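Remarks on the overall topology
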Amino acid sequence: MKHVRKDTWQKHYDAGRGFRPLGDAERALLAEHVPAPEGGRALDVGSGTGELAAEPARMGYRVDAIDFTPGALVRARAEHPETRGVRWLCLDIEHDPLPSPPTGEEGGYDLVTLRVSAAFIQARSRVLRALGARLRERGAVVVITPVVDHTPQERRHIALDEDEISQITDGFEEATRFDAQGLAVLVLRGADGSFTAVDKGRPAPQAVMGAAAVVTNASGDVLLGRSIRGMWELPGGRVKAGESAQAAVIRELAEETGLIASVEDAHVITILHDDRLDVRRVSPVVRVTSWEGEPVLREPGNFSRWEWHPLNTLATLGRIFMPSAQALNAVWPGTLPGLPPVHSYPCATAFPPVPGEPAEATRLRGRMADAVVAKGRAPSLRVPSALREVPRHRFVPEAPLETAYDDLAVVTVREPSGIALSPVSAAWLQVDMVEGLQLEPGAVVYEAGSGGYNAELLAHVTGPTGRVVTGDVDPYVVHRTRRLTGEAGSGRVTAFQGDAALGVPAGLVPRGGFDGSVITYGVWDIAPAWRGQLAEGGRLVLPLEIGGYTRAITLRRTGDVLHAERFTRCGFIRAQGEHVRAVPVVGLLGGELQLRFEDGDPAPAQGLEEALRRPRHEVATGVKMGSGFYFGSLQLYMATTLPGFCRLSVHREAGTGVTLIAKDGDAPAILGNASLTYLVHVRTRHGDSPAAKEWEWVVHAFGGQGPQLAERLAATVRAGERDVRDGGDPALSVYPAGTPDRLLSVGEVVDRPLSRMVFRWPGRDVALPSTDDPVQRGGPLAAAVESM
């Protein structure tokens, strides 16, 4: 590690010294392989006196030239006074964030150059990957460096050997090497990264036992060594006779890196057992929670360097020793996906949470919290505090910091097909649901659907005397939750595996029931256990699907009845386990169109295809809207008040010629006897600004009953405009299944297998106008349509 202090560099430049001038061969390679695109931006790292930075500027790039030595920048400005398009910036590439683009310009770079500077960067792998992540599409990182084999002994501190050059190329999809008068010129593209878990060969029979040390620094980065075999490894090694795994890790850590720790701070997380190479390889994974010192190279015969790596970059490191890769994934499940299976024997040893996060995380967390508060989503005091305190990024260790704190959902578990199974929801929505619970300090809360972060938000809100019980049907999700809350949690979260719809195991339910419960996946029905395990007056918040539209609803328990207090529009992953439900679908016109029956069995669709080929009947509702119109209340209004309600969706472009619904869009609809009507919007006023535009709701209908159905749908839209346009929500009461009609409150009844839901909308005590013509009898829904 060829670190040179800043004051040494200052003396270097103050004395008028520099480096080898830029040669013609280097200029030619730059011109051939990285010509400046229109609007191209370049970043020159370790620019020194500006010898290289001036070249991309002459090629047409706008250049950010950075160096951490003020003296270098003073000379660069003086030596290149005529160079235009260069910003000379004093910045430490290892510790400072990269510069923001000038106002009005896009971020990212088309070209990043490092000339005779790579050898002086200590965290070289981390820096190269951070620079690669800032490349625009088809951008390139160009590294120009002396090579040890072609450099005099006294100057080899500025050069890289072949292993170090190979390390630089790790994680890039394309790496091309050229020679420029003795200098190696590397052109690197495609920085999405990859890694390959690599074995060293067959261990000595019959078995081998090697302990792996997992150590993180104050920023939460994990320590890995670059071995002479050209792969990354955790510290550790074989367990000697009479030695515990913890003792072996402490000894190996000191011998390999110089870090000093005690056995009391070494905790066995799990024991991995791998038979893949026809030999029993047993690897205790030991988490070291406290240590002293700085990593140094103590065994140059085994390692060439030690580096701290952010967790979200592990999957871009290239070659990783297989047991180390398995150990990393055991501590932080999901950081290295796709590894071959390994036997894991978790150890129950408890240990304190391990601190560590970059300063940038605090800033980003504060920014996210400010944004959520500004939206009015967190009016209480404790919930914004939880947003600012609970480290969200530590519950999505595979994600970059910016992604973790971007107030968007982050998918953490997917099916092999790519379908999301378990996300960390958007922060604003998590906060909205937590606020709905109205928790007091000391409350005991149930969360159905685990992940870790939301449970820790709840634990923070309920305080030191509170407790959170979280459950999930997926054993991997539960394992991940336990690991991540153990690493970064409060110690007040208990995770269990089980179908959340069946409730919490009896031993985890507090006397009198939970003070609050939150369901974190979309549900179609309300399980009796959720009501039964809730305390009287306690609140249940859940994303409920109504007609295929999802709302996060806060329900308060009064006896056996749940009464809604608030609605929030949202979207969630659908239920698994006991609550899995396939939505009935009927295809039309060879799959161009689909009817989705979100709330019931599919109705017969005979004769519909013939009706769709006939002229379309249209009814203008007279209801108009601007660009900011909220459609959500009208959606629920139609779904809960219209018999025969379904949704018509378009799946192929040809379908738009029949329906005027955009491809992959859908519309509220009513199905009758060989007849169909649905709602679309038609632009009635154009304009250059959103405020100048206007649309009108129009009803389309096909089939013999189409005109009557259309009038009914249009009347419903007009009633909705009158009573719920401004986002009005219904009164909702949820009763147990089997409750007699006489005990239900007045309203629209939606029956589900486990519950009876009664919606009462504003204005629904006034009958809607009836159609002039009677609906032709004989269809499956004719009676319902006629009686509306």
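Keep in mind that what you see is a predicted model, and the values were worked out from it rather than measured. (Residues numbered from 1 in each chain as written. Predicted model: local features only at pLDDT ≥ 70, side-chain atom pairs only at ≥ 80, totals over all residues. Heavy atoms only, no water.)

**Considerations on the overall build of the protein chain**
Per the secondary structure count, the protein chain includes 20 helices and 36 strands. With the C-alpha coordinates aligned to their principal axes, the bounding extent of the protein chain is approximately 100 × 70 × 50 Å. In the protein chain, which comprises 788 residues, the proportion classed as buried is 54%. Across the protein chain, the fraction of contacts at a sequence separation of at least 24, relative to all contacts at a separation of at least 6, is 65%. Treating the 85 positive side-chain charges of the protein chain as one cloud and the 97 negative ones as another, the clouds have centres 1 Å apart. (Helix = DSSP H or I, 4+ residues; strand = E, 2+ residues; numbered from the N terminus. Buried < 20%, exposed > 50% of the residue type's maximum accessible area, 1.4 Å probe, protein only. Contact = heavy atoms within 4.5 Å. Lys, Arg positive; Asp, Glu negative; His and termini not counted. Charge placed at Lys NZ, Arg CZ, Asp CG, Glu CD.)

**Remarks on unusual backbone geometry**
Even without being a glycine, Val116 presents a positive backbone phi close to 55 degrees. Relative to the elements of secondary structure, Val116 occurs in the loop between strand 4 (109-115) and helix 5 (124-133). For Gln181, which is not glycine, the phi dihedral falls at a positive 55 degrees. Along the chain, Gln181 falls in the loop between strand 6 (174-180) and strand 7 (183-189).

**Some thoughts on the side chain of Thr316**
Following the sequence through the fold, Thr316 ends up in the loop between strand 15 (303-309) and strand 16 (318-321). Relative accessible area serves as the criterion here: at 14%, Thr316 is assigned to the buried category. At a separation of 2.7 Å, a polar atom in the side chain of Thr316 contacts the main-chain carbonyl oxygen of Thr313. (Polar contact = N/O pair within 3.5 Å; in protein donor to acceptor, adjacent residues only side chain to side chain.)

**Some thoughts on the packing of helix 1 (residues 6-14) against helix 4 (residues 70-79)**
With their axes 7 Å apart at the nearest point, helix 1 and helix 4 run at an angle of 30 degrees to one another. Classed by the angle they form, the pair helix 1 and helix 4 counts as roughly parallel. Contacts between helix 1 and helix 4 involve Gln10, Tyr13 and Asp14 on the former and, on the latter, Pro70, Gly71, Ala72 and Arg75. Residues belonging to the contact of helix 1 with helix 4 are distributed by class as follows: three nonpolar, two polar and two charged. (Axes fitted to C-alpha atoms, helices over the stretch in contact; angles between N-to-C directions. Parallel < 35°, antiparallel > 145°, perpendicular 65-115°, else oblique. Nonpolar A, V, L, I, M, F, W, Y, C, P; charged D, E, K, R; others polar.)

**Examining the sheet that holds strand 1 (residues 41-45)**
Strand order in the open sheet made by the seven strands is 3-2-1-4-5-7-6, with mixed pairing throughout. Strands at the two margins of the open sheet, each flanked by one partner only, are strand 3 (86-90) and strand 6. This sheet shows a mean twist of 15 degrees between the axes of neighbouring strands, independent of strand direction. Bridge analysis of strand 6 against strand 7 gives seven bridges, and the strand direction is antiparallel. Counted as the bridge partner of Phe178 is Val185 from strand 7. (Pairing = 2+ DSSP bridges.)

**Observations concerning the pattern of salt bridges**
A complete count under the given rule lists 44 salt bridges for this structure. Its salt-bridge partner being Asp170, residue Arg226 comes within 2.9 Å of it at the nearest N-O pair. Taken together, the residues Arg226 in strand 10 (residues 222-227) and Asp170 in the loop between helix 6 (162-169) and strand 6 connect sequence positions 56 residues apart. A network of salt bridges, in which partner residues are shared, links Arg41, Arg62, Asp64, Arg87 and Glu105. (Salt bridge = Lys/Arg side-chain N within 4 Å of Asp/Glu carboxyl O.)

**Re the packing of helix 12 (residues 427-437) against helix 13 (residues 453-462)**
The interhelical angle for the contact between helix 12 and helix 13, taken along N-to-C directions, is 40 degrees, at an axis separation of 11 Å. One finds that helix 12 runs oblique with respect to helix 13. Between helix 12 and helix 13 the crossing geometry is right-handed. Across the interface between the two elements, Gln430, Val434 and Leu437 from helix 12 touch Tyr453, Asn454, Leu457, Leu458 and Val461 from helix 13. When the residues that make up the contact of helix 12 with helix 13 are grouped by side-chain class, the tally is six nonpolar, two polar and no charged. (Left-handed = near helix turned anticlockwise from the far one by under 90°.)

**Looking at the sheet that holds strand 32 (residues 675-685)**
An order of 27-28-30-31-32-33-29 is seen for the seven strands of this open sheet, with the pairing classed as antiparallel. Edge strands, defined here as strands with exactly one partner in the open sheet, are strand 27 (585-588) and strand 29 (617-625). When the angles between neighbouring strand axes are averaged without regard to direction, this sheet yields 30 degrees. As defined by bridge partners, strand 29 adjoins strand 33 (residues 694-702) across six bridges and the pair is classed as antiparallel. Each residue of the ladder has a partner; that of Ala620, found in strand 33, is Val698. Packing against the sheet, helix 19 (residues 706-724) makes contact with strand 29, strand 31 (666-672), strand 32 and strand 33, and its axis sits at approximately 5 degrees to strand 29.

**What to know about the confidence of the model for the protein chain**
Looking at the protein chain as a whole, its pLDDT mean stands at 88, while 91% of the residues score no less than 70. Counting interchain partners and residues more than four positions distant, the pLDDT-below-50 stretch residues 766-788 has 35 contacts. (pLDDT = per-residue confidence, 0-100.)

**What to know about the pairing of strand 31**
Among the seven residues that make up strand 31, six are buried, leaving the element largely enclosed by the rest of the structure. Relative to strand 31, strand 30 (residues 645-650) is paired through five bridges, and the arrangement is antiparallel. Considered in strand 31, the bridge of Arg647 is made with Pro668. One ladder, built from four bridges, connects strand 31 with strand 32; its direction is antiparallel. By the bridge assignment for strand 32, Ile670 is matched with Thr677.

**Concerning helix 10 (residues 382-389)**
All of the buried residues along helix 10 are Val383, Pro384, Ala386 and Leu387. Each buried residue of helix 10 sits inside an arc of 155 degrees when the element is viewed along its axis, so together they form one side. On its buried face, helix 10 sits against helix 9 (359-374), helix 12 and helix 13. (Arc of directions from axis to C-beta.)

**A closer look at the environment of Thr716**
As for its placement among the helices and strands, Thr716 is situated in helix 19. Residues Thr716 and Thr641 lie 75 residues apart in sequence; the distance between their C-alpha atoms is 8.4 Å.

**What about the pairing of strand 13 (residues 266-274)?**
The element strand 13 is largely enclosed, with a buried count of eight among its nine residues. Direction of pairing for strand 13 relative to strand 14 (residues 280-288): antiparallel, over a ladder of eight bridges. Pairing of Val268 across the sheet is with Val286, part of strand 14.

**So, the environment of Val724**
Position of Val724 among the secondary structure elements: in helix 19. On the basis of relative accessibility, which here comes to 2%, the residue Val724 falls in the buried class. Separated by 435 residues in sequence, Val724 and Thr289 have C-alpha atoms that sit 56 Å apart. Leaving out residues up to four positions away in the same chain, Val724 has contacts with Ser633, Tyr637, Ala719, Trp761 and Pro762.

**Some words on the packing of aromatic side chains**
Counted under the stated rule, the structure contains eleven aromatic pairs. Ring centres of Trp291 and Trp308 lie 5.5 Å apart, and the angle between their planes is 20 degrees; this geometry places the pair in the stacked category. With Trp291 in the loop between strand 14 and strand 15 and Trp308 in strand 15, this residue pair connects regions lying 17 residues apart in the sequence. Trp291 sits in the partly exposed class, given a relative accessible area of 22%. Looking at Trp308, the relative accessible area reads 16%, which means it is buried. Summarising the aromatic geometry, the rings of Tyr678 and Phe702 are spaced 6.4 Å apart at their centres and angled 20 degrees between planes, so their arrangement reads as stacked. Taken as a pair, Tyr678 in strand 32 and Phe702 in strand 33 lie far apart in primary sequence, 24 residues in all. (Phe/Tyr/Trp six-rings, centres within 6.5 Å; stacked < 30°, edge-to-face > 60°.)

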